[in-house]
Amino acid sequence: MAITIRINRNGIEDVFQVEAKTQQTVLDALFYIQNELDSSLSFRCSCRVGMCGSCGMVINGKEGLACRTSLNQLGIDVSVQPLRHIPVIKDLVVDMEGFFSKYRSIEPYFSPRVEISEPIVASPQSGIRKDIDLGLECISCGLCLSACDVVSMVPEFLGPAALNRAYNLVADVRDDRTDQRLSVVGAPRIGVWQCHTHMSCVEVCPKNIAPTRAIVNLKRILIRRSLLGKRHHFIPKVHAIKMEVD
Ligand code: FES
């Protein structure tokens, strides 16, 4: 049985026929097309086991990793296009600089507290550590940014991956740059208040992370601090989401 693969290449659809094989992934099919049918086809990949995050694309209208998407489950007519909201370099290769520049803006690295002589221990069994663990496995594939409905309307929005990373660091009691990070994530236009909790990012994350959860938690922290008189940029007067302030 032949499978038709329609690839959006810089706005033009190219159609290829690939013979169906068992346990074939979309990435396998792209390699077949590149090796046997059109050597000019460009796409990105590295690990081929869902770890590096470089083979993200939109497959049959939904973001996914090409190396982890079985071709046989997609039917006999499959569409493949580059990630959305990210500039295309060629075919399925996108320019991730904008994605990583948003990531850099929240200072995505751990910054240890210096005023204490002994290191603070976050026990693996503690609630704080379990909370952080829920968002730790991000592979920066960009699927969440591509699926984000807000980014399509507000391109400056930092997006789910950067905000998820920011929350992990803000929640970490050993980190010293909470104020700086909250100033960025609470800023108008780019920050958490743009998120409408559509959960599109949650649906596509290949690591089962829920960035929306991190974003809601950041909103809670900002509101709590605002009530305590410590404001970080902008707190909207009216917000549609009911939140507990503890
Ligand atoms: S090639 Fe690394 S995640 Fe797909």
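Look a little higher up for the structure.
Let me sum up the structure you'll find in this document. What you see is a predicted model; the values in this text were computed from it and never measured.

Observations regarding helix α7 (residues 178–185)
Turning to α7, its buried residues number three or more, namely Arg181, Leu182, Val184 and Val185. All buried residues of α7 lie within an arc of 160 degrees about the axis, which places them on one face of the element. The elements touched by buried residues of α7 are α2 (97–105), α6 (160–170) and α9 (211–227).

Digging into the sheet that holds strand β4 (residues 62–65)
The strand order across the open sheet built from five strands is β2-β1-β5-β3-β4, with neighbouring strands paired in mixed fashion. Either end of the sheet is taken by a strand with one partner, and the two such strands are β2 (12–19) and β4. Averaged over all pairs of adjacent strands, the angle between their axes in this sheet comes to 35 degrees, without regard to strand direction. Taken together, the eight bridges between strand β1 (residues 2–9) and β2 define a ladder with antiparallel strand orientation. By the bridge assignment for β2, Arg6 is matched with Val15. Contacting β1, β2, β3 (56–59) and β5 (77–81), helix α1 (residues 26–37) crosses the sheet at an angle of about 100 degrees to β2.

So, α2
Listing the buried residues of α2 in full gives Phe99, Lys102 and Tyr103. Down the axis of α2, the sector holding all buried residues measures 100 degrees, keeping them to one side. With respect to the buried face of α2, the exposed residues turned more than 90 degrees away are Glu97, Ser101 and Arg104. Residues of α2 that are buried make contact with α4 (143–147) and α6.

Overview of the packing of α6 against α7
It is the contact of α6 with α7, at a shortest axis distance of 10 Å, that shows an interaxial angle of 150 degrees. The angle between the axes of α6 and α7 places the two elements in the roughly antiparallel class. Both α6 and α7 take part in a crossing whose hand is left-handed. Here Leu163, Ala166, Leu169 and Val170 of α6 lie close against α7, whose contacting residues are Thr178, Arg181, Leu182 and Val185. For the contact of α6 with α7, the residue count by class is six nonpolar, one polar and one charged.

Parameters at a glance
- Residues numbered from 1 in each chain as written.
- Predicted model: local features only at pLDDT ≥ 70, side-chain atom pairs only at ≥ 80, totals over all residues.
- Buried ≥ 20, exposed ≤ 12 C-beta atoms within 10 Å, placed from the backbone.
- Helix = DSSP H or I, 4+ residues; strand = E, 2+ residues; numbered from the N terminus.
- Arc of directions from axis to C-beta.
- Contact = placed C-beta atoms within 7 Å.
- Pairing = 2+ DSSP bridges.
- Axes fitted to C-alpha atoms, helices over the stretch in contact; angles between N-to-C directions.
- Parallel < 35°, antiparallel > 145°, perpendicular 65-115°, else oblique.
- Left-handed = near helix turned anticlockwise from the far one by under 90°.
- Nonpolar A, V, L, I, M, F, W, Y, C, P; charged D, E, K, R; others polar.

Functional significance is not addressed by these values, which are geometric in nature.
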